[in-house]
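Residues per chain, in single letters:
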Amino acid sequence: MAEETQVLVRFTTRLPPELQVPATEVAVPASLKRYGLSQIINHLLALDPARPFDFIIDGELLRKSLQAHLLAHDISPELVVEVEYVPAVVPPEPKSALPQDDWVTAVAAVASGNSLASGAADGVVRLWSSLGDCVLDGGWDGQLLLWRTGQHVLDEAANGSTPDDAEDAAAAAGTRKKRKVAAAAAANGTAAAAAAPVQLEAVAALPGHVHCVSALSWTEGGTIYSGGWDHSVRRYDVESRTNTDTYNGSKAIYAVAAPAAADGSSSSSSSSSIVAFGGADRVLRIWDTRSVKGEGLAVKAYNAHEGWISSIAWRPGNAYQLATAGHDGAVKVWDVRRNPLPPVIHRVIQQHELGPGRLVVVGDVHGCLVELFQLLDAVKFDYAKDNLILVGDMCNKGPRSQEVIAVARLLSEGGAWAVIAVARLLSEGRAWAVRGNNDDLALATWWNLQQGIAPPLPKLSWVGQLLPEDVQFMMGLPFSVTVEGYNLIVVHGGLVPGVPLQQQQLVHLAALRDVLPQPDGSFIGLERAQEGSLPWAGFWQGPQHIIFGHDSVRRLQTTPHATGIDTGCPLGGQLTAVVLPPLRELQQRSRKLSAAQQHHNHQQQLLPLTLHDLEAVLVSIPSGSTYVADG
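None of these values were measured; they are calculated from a predicted model.

**Q** I'd like a description of the packing of aromatic side chains, backed by residues and values.
**A** As enumerated under the stated definition, the model contains ten aromatic pairs in all. Ring geometry for Phe-11 against Tyr-85: centres 6.4 Å apart, planes inclined by 75°, an arrangement best described as edge-to-face. Placement of Phe-11 in strand S1 (residues 6-12) and of Tyr-85 in strand S5 (residues 81-87) is noted, with a sequence separation of 74 residues between them. For the pair formed by Phe-11 and Tyr-85, the shared burial category is buried. Each ring, one from Phe-381 and one from Tyr-383, has its centre 5.1 Å from the other, and the planes form 75°; the classification is edge-to-face. Each member of the pair, Phe-381 as well as Tyr-383, carries the same accessibility label: buried.

Quick look at the structure:
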């Protein structure tokens, strides 16, 4: 009997240390599949009970034997094969079944409630464990129906409803077939009623569709979107119960999704105006209902799948990223800003990269080029020795956005800007910047311009003047800059307290203002204030000190472990900088910074530092004008 072929593998993982196996080469049979490799990992980790794992080779899940996978991907079995293992997603266990008498064509509920309604091809809505206010359904009859819900409805069903009452209610709703409510509601009381479907008269019918309503989306706002086999996507205003806008296509619509408000509020003009949809033509479309006729393209199309699009979902709290699934078996993730992520999201400035001079961190410049150089003059910036970091939002609102970006690029490259006589401009490129929300918006507008779409706002018309190298510079802007030695992080928006930097959402790094404290001690990050929310900086406990911008309404913010320096320059306010001493001098004078560095060297928890510990000085200069009336 021939010896079985062996393959040398090295197991890697991004799981916590207790689930990491030694990084050594292991010879395993080439015939092993996922189950066999999982047994090896469980044995090496001595897991009890055993846990299932999935395995990834060159970015692709292992779904056959090692030998077959290597052959299929032209990987030499004579080399050491790196195999990453991740927790396997086990099949879901069915908890309960709610049988329906006909096809279920759409399901929707108010996000803030605790209700679920199913709409079927017979046009009947069945309400399950409802505690909310209102639910929505659509069926083959082309109707959209609003239904009242609540505990009182369940109580009524338990105390007074009968099967005959239910049939009368179904007939009143215009259904094709009559259904019966489970008799358990009357027999077992309120508890049984909460578990059984209840039929009610609709609060309102929303007209418009002439064929099957196949998809619904109802976020926390007062806007409903629907899609149908009549090739249309319709927008409804809940309060007035009217069809306010319609998109007519050429194929049946099977999936519709609108993003929830990014700040967690009950409404958001931007979020409720955007809807994604797809269907039989295999194209993902993003419809901005705010666009008026003649203003660019209201609907953007993306060739998405090789089969029909069956499902669309937006990333929670994010109005830019969404996922689609299709009949081709693929799930795809999209970023509709069209902005590629930078090569390095979290930039770390090593101590040896710093010049011998000071560190100067400048707030939101917003195109105020004159004020930028007035501020650098005010701090006596030494272009040959000092280090500079811009806190983001270099552009928009002020008069010279393109020039500011060009100067920032030249500073980062260490080039010369002859017009302003800085021939000795950071010959070693000791200047950095982070990406702000306005920088991101400018990039998205530039991408749209490449597709022939006009800028949506006059304040973005300058984007067309950007040089290719300016665009490349902006595309490479990280979302955070960590400065080693100073124990400092620079971001534009903020960080949600208690969440490690690598796990922060990019939208928070670029646009966070407030947090909503939760009973368990965690926080919900918000782009805009809402009832009960507070500035995030007041809750930040370190260990790094954070310097941020973005919040011009609050102007200068000084908390123990975070400092906000957006002081509203384009609004007629000030442009502000934090000036820190040279690192070597600071380390010699500051016992606390020296102790923090020792903790870092020994991989211990860093000590939180204040601006006083860093011997920082705040410097501001007044704006030369009020360039915009509000933020």
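So, next bit.
**Q** Give me helix H1 (residues 34-45): which residues, what numbers.
**A** Each α-helix turn comprises 3.6 residues. Residues three or four places apart therefore point the same way. Its twelve residues place the ends of H1 17 Å apart at the C-alpha level, agreeing with the 16 Å of an ideal helix rising 1.5 Å per residue. Within H1 the residues assigned to the buried category are Gly-36, Leu-37, Ser-38, Ile-41, Asn-42 and Leu-45. Buried residues belonging to H1 abut S1, strand S2 (25-29), strand S3 (53-57), helix H2 (66-72) and S5. Taken from the residues just after H1, Ala-46 is the one with a positive phi, measuring 55°.

**Q** Residue-level account of the state of the cysteines, with values.
**A** According to the stated counting rule, one finds zero disulfides in the structure shown. We note that Cys-368 lacks a disulfide partner, and the nearest cysteine sulfur, in Cys-569, lies 3.6 Å from it. Using a relative accessible area of 0% as the deciding quantity, one classes Cys-368 as buried.

**Q** Requested: an account of the side chain of Thr-563, with residues and values cited.
**A** Note on placement: Thr-563 falls in strand S34 (residues 562-564). Thr-563 has contacts with His-545, Ile-546, Ile-547, Phe-548, Gln-557, Thr-558, Val-578, Leu-611 and Leu-618, leaving out every residue within four places of it along the chain.

**Q** Any details on the environment of Leu-460? Residues and values, ideally.
**A** Along the chain, Leu-460 falls in the loop between helix H9 (437-450) and helix H10 (468-475). For Leu-460, a relative accessible area of 0% gives the class buried.

**Q** If you had to explain the sheet that holds strand S31 (residues 534-535) to someone new, which residues and values would you point to?
**A** If you walk across this open sheet you meet the three strands as S30-S29-S31, and the pairing is antiparallel. Two strands in the sheet have a free side with no partner beyond their single neighbour: strand S30 (523-526) and S31. Examined bridge by bridge, strand S29 (residues 514-517) and S30 share four bridges and lie antiparallel to one another. Within the sheet, the bridge partner assigned to Val-515 lies in S30 and is Gly-525.

**Q** Explain the packing of H9 against H10 to me, using residue names and the numbers behind them.
**A** The N-to-C vectors of H9 and H10 enclose an angle of 130°; their axes lie 10 Å apart at closest approach. On the basis of the axis angle, H9 is oblique to H10. Between H9 and H10 lies a crossing whose hand is left-handed. Residues Asp-439, Ala-442, Leu-443, Trp-446 and Trp-447 of H9 lie in contact with H10, whose contacting residues are Val-471, Met-474 and Met-475. Class assignment for the residues of the contact of H9 with H10 results in seven nonpolar, no polar and one charged.

**Q** A description of unusual backbone geometry should follow, citing residues and the corresponding values.
**A** If a residue is not glycine, its phi is most likely negative; likewise, a peptide bond is most likely trans. The linkage connecting Asp-48 with the following residue, Pro-49, adopts the cis geometry, with an omega of 5°. In this fold, Pro-49 is placed in the loop between H1 and S3. Phi is positive for Asp-393, which is not a glycine, with a value near 55°. Its place among the elements puts Asp-393 in the loop between strand S25 (387-390) and helix H8 (401-413). Judged by relative accessible area, Asp-393 falls into the buried class, the value being 2%.

**Q** Could you give an account of the pattern of salt bridges, with specific residues and numbers?
**A** Within the structure shown, the criterion is met by eleven salt bridges. The partner of Arg-10 in a salt bridge is Glu-25, and the shortest N-O contact between them spans 3.3 Å. Taken as a pair, Arg-10 in strand S1 and Glu-25 in strand S2 lie far apart in primary sequence, 15 residues in all. Assessed through its relative accessible area of 23%, Arg-10 is described here as partly exposed. A salt bridge links Asp-440 to Arg-435; the nearest nitrogen and oxygen atoms lie 3.0 Å apart. Look at Arg-435 and you get buried, because its relative accessible area is 2%.

What counts, and where the lines are drawn
- Along each chain, the written sequence defines residue order, and numbers are assigned to residues from 1.
- With pLDDT at 70 or above as the cut-off, local features in this predicted model cover only qualifying residues; side-chain atom pairs require 80 or more to be listed or tallied, and sums for whole chains, interfaces and linings still use all residues.
- As a rule here, side-chain values come from all non-hydrogen atoms in the structure, and water together with hydrogens is ignored.
- For this analysis, a ring pair means two rings from Phe, Tyr or Trp (six-membered ring only for Trp) whose centres lie within 6.5 Å, classed as stacked if their planes differ by under 30 degrees, edge-to-face if by over 60, and tilted for the remaining angles.
- Helix and strand definitions follow DSSP, with helices as H or I runs of at least four residues and strands as E runs of at least two, each counted in order from the N terminus.
- Buried residues are those whose accessible area, probed at 1.4 Å on protein chains only, stays under 20% of the maximum for their type, while exposed residues exceed 50% and partly exposed ones sit between those limits.
- In this analysis, the expected span of each helix is defined as 1.5 Å times one less than the number of residues it contains.
- Note on definitions: a residue-residue contact is assigned when non-hydrogen atoms from the two residues lie within 4.5 Å.
- In this description, a disulfide is simply a cysteine sulfur pair whose atoms lie within 2.5 Å.
- For two strands to pair, DSSP has to find at least two bridges joining them.
- Only the stretch in contact is used when a helix axis is fitted, and all axes are lines through C-alpha atoms; the angle between N-to-C directions ranges over 0 to 180 degrees.
- Roughly parallel refers to an angle under 35 degrees, roughly antiparallel to one over 145, roughly perpendicular to one between 65 and 115, and oblique to any angle outside these ranges.
- In a left-handed crossing the near helix is turned counterclockwise from the far helix by less than a right angle, and in a right-handed crossing that turn is clockwise.
- By the convention adopted, Pro, Cys, Tyr, Trp, Phe, Met, Ile, Leu, Val and Ala count as nonpolar, Lys, Arg, Asp and Glu as charged, and the other residues, Gly among them, as polar.
- Salt bridge criterion: a side-chain nitrogen from Lys or Arg within 4 Å of a carboxyl oxygen from Asp or Glu.

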